[in-house]
Amino acid sequence: MQTRRTFLTRSGKAALAVGAMGVFGCNRTANQQLNTTSIDDIDPKSLFFDISLAQWSLNKAFFSGKLDNLDFAAKAKNDFKIDAIEYVNQFFIDKAEDKSYLAQMKQRADDNGVKSLLIMIDREGGLGDTNEMARKEAVEKHYKWVDAANYLGCHSIRVNTYGEGSSEAVAAAAVKSLSTLSEYGKSADINVIVENHGGYSSDGQWLSNVMATVNMDNCGTLPDFGNFCMKRAKGECADIYDRYKGVEELMDYAKAVSAKANKFSANGDEEEMDYMRLMKIVKDHGYRGYVGIEYEGRGLSADEGIRATKNLLLRVGKALS
């Protein structure tokens, strides 16, 4: 038989269960709605940032010849509805001083209503090289890319501060190189920005200290959500810097942001990174510029990965804006 006490106890448990189902059910429904929101249902203009596409996301297609560098702007606009792009110099490595070719790049971007934002520079030497002759040569090799970026209408070139030696020695070399290169960039109205890209540069405190020492308005950072491996051993990361701490430290100097993505869960979240936390750091620092999609994963095709990253940025951006 059921007494009043057992009735009330059971009723209370039932009420708590129903209440819990309601709370968790609402949260689950909200998350499901957030994670299944179509890209087309969110107006990118309503976000606190703009979205761009890094050319490296399609690196396999460019390296294989399936895609031509001149078709990048059209690809971004027509396939992904993205109207701002970030070039990688490796895909037109011998064209930096070819005004005819650069004119074609510029025209293709203009024809598609696409903005050219920056050029990521690789294979031109480490600006943190502690060999003085090699360091100066690396700086000089970057001058032509400053001029090319200016011609294309970009705001920046992204550079690397690679170097061998102690952290202090490489930092000193990087400061010299960045100061000289940024001075050259002034006349072309071009920023010189450093990405956390392995080695000492993936140490957020190290790179922010370099920025503070250079102390020039057109020298800054390009925080990348994923590039915080400082040292590799046998193909694996042996020393990784805290990505959230790193992004926090680099955002004070940020002139661009790279939304790295590698692996997506079934509900559309990046499995290795908390995008909500990362983008909140970006917003809290007052950043209102472009966030560039850079998909590097293998689970999805490049096109699918770009769309998944864009969808994630839109959903997170909507929640934070």
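Structure shown above.
How each quantity is defined
- Residues numbered from 1 in each chain as written.
- Predicted model: local features only at pLDDT ≥ 70, side-chain atom pairs only at ≥ 80, totals over all residues.
- Heavy atoms only, no water.
- Axes fitted to C-alpha atoms, helices over the stretch in contact; angles between N-to-C directions.
- Helix = DSSP H or I, 4+ residues; strand = E, 2+ residues; numbered from the N terminus.
- Parallel < 35°, antiparallel > 145°, perpendicular 65-115°, else oblique.
- Left-handed = near helix turned anticlockwise from the far one by under 90°.
- Contact = heavy atoms within 4.5 Å.
- Nonpolar A, V, L, I, M, F, W, Y, C, P; charged D, E, K, R; others polar.
- 1 Å grid on protein atoms, 1.4 Å probe; cavity = no way out; pocket = protein on both sides within 12 Å on 5 of 7 lines; lining within 4 Å.
- Points joined across faces, edges and corners; volume = space filled by probe spheres on them.
- Core = buried A, V, L, I, M, F, W, Y, C linked by side-chain atoms within 4.5 Å.
- Buried < 20%, exposed > 50% of the residue type's maximum accessible area, 1.4 Å probe, protein only.
- Pairing = 2+ DSSP bridges.
- Right-handed = clockwise from strand over helix to strand, strands pointing away.

Right, let's get into the packing of helix α9 (residues 275-284) against helix α10 (residues 302-320). Close contact between α9 and α10 brings their axes to 10 Å; oriented N to C, the two are set at 60°. By the angle class used here, α9 and α10 are oblique. At the point where α9 passes α10, the crossing takes the right-handed sense. For the pair α9 and α10, the contacting residues are Y275, M276, M279, K280 and K283 in the first and T309, L312, L313, V316, A319 and L320 in the second. Of the residues contributing to the contact of α9 with α10, the split by class is eight nonpolar, one polar and two charged.

This part takes up empty space enclosed by the protein. Under the definition given, this model contains one cavity of 30 Å³ or more. Considering only enclosed or pocket space, the largest cavity measures out at about 30 Å³ in volume. Considering the residues around the largest cavity, the lining is formed by N69, L70, F72, A73, I85, Y87, M105 and R108. Elements with a minimum of two residues in the lining of the largest cavity: α3 (72-80), β2 (84-88) and α4 (99-111). In terms of residue class, the lining of the largest cavity is built from six nonpolar, one polar and one charged.

It is worth spelling out the nonpolar core at this point. Membership of the largest hydrophobic core comes to 94 residues, with the highest contact counts inside it found for Y87, I119, L178, F225 and M279. Residues within four places of I119 in sequence aside, it is in contact with Y87, N89, F92, W145, A148, A149, L152, C154, S156, I157 and R158.

Where burial is concerned, most of strand β3 (residues 115-120) is hidden: five out of the six residues are buried. Across five bridges, β2 lies against β3 in parallel orientation. Across the sheet, the residue bridging to I85 is S116, located in β3. In the classification by handedness, the crossover that spans β2, the intervening α4 and the parallel β3 is right-handed. Note on the crossover from β3 through helix α5 (residues 132-152) to strand β4 (residues 156-159): the handedness is right-handed.

What follows deals with the layout of surface pockets. By volume, the largest pocket amounts to about 840 Å³. Mapped onto the lining of the largest pocket, the elements with two or more residues apiece are β7 (229-233) and β8 (236-240). Here the element with the most residues in the lining of the largest pocket is β7; it accounts for four residues. Approximately 340 Å³ is the volume attributed to the second largest pocket.

Further remarks concern the pairing of strand β10 (residues 290-295). In terms of burial, β10 is largely enclosed, as six of its six residues are buried. Side chains of β10 alternate between two faces, with Y290, G292 and E294 and V291, I293 and Y295 buried alike. One ladder, built from four bridges, connects strand β1 (residues 50-54) with β10; its direction is parallel. Across the sheet, I51 pairs through a bridge with V291, a residue of β10. Direction of pairing for strand β9 (residues 257-261) relative to β10: parallel, over a ladder of five bridges. Residue pairing across strands places K260 opposite E294, the latter belonging to β10. Handedness of the β9-α9-β10 crossover: right-handed.

Our focus in this paragraph is the sheet that holds β10. Within the open sheet, the eight strands sit side by side as β6-β5-β4-β3-β2-β1-β10-β9. Their pairing is parallel. Of all strands in the sheet, those with a lone pairing partner are β6 (219-222) and β9, marking the two edges. For this sheet, the mean angle separating the axes of adjacent strands, direction not counted, is 30°. Bridge count for β1 against β2 is two bridges, and the pairing is parallel. Paired with A54 across the bridge in β2 is E86. α3 rests against β1 and β2 of the sheet, and its axis sits at about 140° to β2. Packing of α10 onto the sheet brings it into contact with β1, β9 and β10, and relative to β10 it is tilted by some 145°.

Any functional reading would require information that these geometric values do not contain.
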